[in-house]
Amino acid sequence: MVKTSEEMKNLVEEFIKVTKINYEDQTEKVREKSQLIEWQFRVGTNVIVSKNANRTDRIHLNVNMRFPAEDAKLLVIKNPSFSKAVMDISEICTMCNVGHQWVKDKNDIVGLAVFSHVDEEILDRVSFHDRWDNVARVTAHIQKILRSNFSGFSGQPNPADETTEKSMYG
């Protein structure tokens, strides 16, 4: 049976509540800025779960990593360590079946988004948490890749962020 957007939103909210991680329904804030998002939850400090208006068949899970200025200075195309990190990150994302996109501010790389989706037809608690855990594991692995390729890379996970440091099952 096909799920409506509202049914998907209610399911997702219940799946998030199970984790006991603080979350915020940002639907109204997002709608004020854009009609592209039907609904959105911010979970912890850096996880976004959303439903795009142009896709009736899926929800998106997205982890946004923002880099401090001292780390962003290392992330330049001319840096051979960055080229190696890009290849390693692309490989792990491909192997784990998640997407990634570098976040730019003009010509500077200021972050990285790691994302996946859950199709509406299989949206249940297990599928949702499996995808969330997969994105969280890949994000943690990417942080290790960046730290191993750049001496002094501070991109440590936020110790207060339960969304990537804790399994979604407890």
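Refer to the structure presented above.
Residues numbered from 1 in each chain as written. Predicted model: local features only at pLDDT ≥ 70, side-chain atom pairs only at ≥ 80, totals over all residues. Heavy atoms only, no water.

Structural notes on the packing of aromatic side chains
Piece 1. Following the criterion strictly, the structure yields 5 aromatic pairs and no others.
Piece 2. With 5.3 Å between their ring centres and 70 degrees between their planes, Phe-82 and Trp-102 make a pair best called edge-to-face. In this pair, Phe-82 is assigned in helix H4 (residues 80-96) and Trp-102 in strand S5 (residues 99-105), connecting sequence segments 20 residues apart. Each member of the pair, Phe-82 together with Trp-102, is buried.
Piece 3. Three or more aromatic residues link up through ring pairs in this structure, and these residues are Phe-15, Phe-128 and Trp-132. (Phe/Tyr/Trp six-rings, centres within 6.5 Å; stacked < 30°, edge-to-face > 60°. Helix = DSSP H or I, 4+ residues; strand = E, 2+ residues; numbered from the N terminus. Buried < 20%, exposed > 50% of the residue type's maximum accessible area, 1.4 Å probe, protein only.)

Quick look at the pattern of salt bridges
Piece 1. Under the criterion given, the structure shown has 8 salt bridges.
Piece 2. Taking the shortest distance from any N to any O, the salt bridge between Asp-25 and Lys-9 comes out at 2.9 Å. Pair noted here: Asp-25 is in strand S1 (residues 23-25) and Lys-9 is in helix H1 (residues 5-19), with a separation of 16 residues, a long-range link.
Piece 3. The exposure class of Asp-25 is partly exposed, given its relative accessible area of 35%.
Piece 4. A salt bridge links Arg-31 to Glu-28; the nearest nitrogen and oxygen atoms lie 3.8 Å apart. (Salt bridge = Lys/Arg side-chain N within 4 Å of Asp/Glu carboxyl O.)

Remarks on the sheet that holds strand S3 (residues 47-52)
Piece 1. Sheet architecture is open: 6 strands sit in the order S1-S2-S3-S4-S6-S5, paired in antiparallel fashion. Two strands close off the open sheet at either side, each with one partner strand: S1 and S5. Strand-to-strand twist of the sheet, defined as the mean angle between neighbouring strand axes without regard to direction, takes the value 25 degrees.
Piece 2. Bridge count for S5 against strand S6 (residues 108-119) is 7 bridges, and the pairing is antiparallel. Considered in S6, the bridge of Gly-99 is made with Phe-115.
Piece 3. On the sheet, helix H5 (residues 125-149) packs against strand S2 (37-43), S3, strand S4 (58-66) and S6 and is oriented at approximately 155 degrees with respect to S6. (Pairing = 2+ DSSP bridges. Axes fitted to C-alpha atoms, helices over the stretch in contact; angles between N-to-C directions. Contact = heavy atoms within 4.5 Å.)

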